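# Coordinate analysis (summary)
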Amino acid sequence: MSTLVRVCAQSEIPAEGKVREFTVGGTTFCVAKAGGSVCVLDGICPHQGGPLGEGEIENGHVVCPWHAYAFDLHTGTNDEDPELRARVYPAKVEDGALVTEV
Ligand code: FES
């Protein structure tokens, strides 16, 4: 069963083309805004645990600051290595907050 989690206040959602990291209840999330949509991914890079929430947005991907692997913001996939996939969470803005389900 999934649990609803409040990731951050709506006002804390990063600006277009930016990412931010939020840790809630022991889970670290990478929140990104690109192309007008807000995306929530696992904040821990599936490669070697780098902080995706401190990465950069490029062409609809978040680029990890450690070794520059890029993950699609909507699917979490990496174009070079199909084994590498960041978990993507549903994102919804509700009552002034960004919420997701884990
Ligand atoms: S830890 Fe993210 S690319 Fe290596």
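As shown above, the structure is provided for reference.
Scope of this entry: the structure provided in the associated data block. (Residues numbered from 1 in each chain as written. Predicted model: local features only at pLDDT ≥ 70, side-chain atom pairs only at ≥ 80, totals over all residues. Heavy atoms only, no water.)

### A closer look at the environment of Asp42
Mapped onto the fold, Asp42 is located in strand β4 (residues 37-42). It is 17 Å that separates the C-alpha atoms of Asp42 and Glu12, two residues lying 30 residues apart in sequence. Filtering out sequence-adjacent residues up to four positions away, Asp42 remains in contact with Thr28, Cys30, Leu52, Arg87 and Tyr89. (Helix = DSSP H or I, 4+ residues; strand = E, 2+ residues; numbered from the N terminus. Contact = heavy atoms within 4.5 Å.)

### Quick look at the sheet that holds strand β5 (residues 56-58)
Spatially, β5-β6-β7 is the arrangement adopted by the three strands of the open sheet, whose pairing is antiparallel. The open sheet is flanked by β5 and β7 (70-72), the only strands paired with a single partner. Taking each pair of neighbouring strands and ignoring which way they run, the sheet shows an average axis angle of 35°. (Pairing = 2+ DSSP bridges. Axes fitted to C-alpha atoms, helices over the stretch in contact; angles between N-to-C directions.)

### Remarks on the side chain of Asn78
Topologically, Asn78 is positioned in the loop between β7 and β8 (88-89). Looking at Asn78, the relative accessible area reads 5%, which means it is buried. Within the structure, Asn78 has its side chain in polar contact with the backbone nitrogen of Glu80 (distance 2.9 Å). Filtering out sequence-adjacent residues up to four positions away, Asn78 remains in contact with Tyr69, Ala70, Phe71 and Leu84. (Buried < 20%, exposed > 50% of the residue type's maximum accessible area, 1.4 Å probe, protein only. Polar contact = N/O pair within 3.5 Å; in protein donor to acceptor, adjacent residues only side chain to side chain.)

### What about the nonpolar core?
Counting 15 residues, the largest nonpolar core has Leu41, Leu52, Val62, Phe71 and Leu73 as its most contacted members. Mapped onto this core, the elements with two or more residues apiece are β3 (27-34) and β4. Tallying contributions element by element places β3 first for this core, with three residues. Each residue touching Val62, except ones within four places of it in the same chain, is listed here: Val19, Cys30, Leu41, Leu52, Gly55, Glu56, Tyr69, Ala70, Phe71 and Leu73. Cys8, Ile13, Phe29 and Val31 belong to the second-largest nonpolar core, a separate cluster that totals 10 residues. (Core = buried A, V, L, I, M, F, W, Y, C linked by side-chain atoms within 4.5 Å.)

### Quick look at the environment of Pro51
Relative to the elements of secondary structure, Pro51 occurs in the loop between β4 and β5. Sequence separation of Pro51 and Glu21 is 30 residues, and the distance between their C-alpha atoms is 7.9 Å. Look past the residues within four positions of Pro51 in its chain and what remains in contact with it is Glu21, Gly43, Pro65 and Trp66.

### Notes on the pairing of strand β2 (residues 18-24)
In this structure, β2 lies alongside β3, joined through seven bridges in antiparallel fashion. For Arg20, the partnering residue across the bridge sits in β3 and is Val31. What sits between β2 and β3 in their antiparallel hairpin is a turn of two residues, with Gly25 showing a positive phi close to 55°.

### A short note on the sheet that holds β4
Taken in spatial order, the four strands make up an open sheet running β2-β3-β4-β8, and their pairing is antiparallel. Edge positions in the open sheet fall to β2 and β8, since each of these has one partner strand only. Pairing of β4 with β8, which is carried by two bridges, proceeds in the antiparallel orientation. By the bridge assignment for β8, Val40 is matched with Tyr89.

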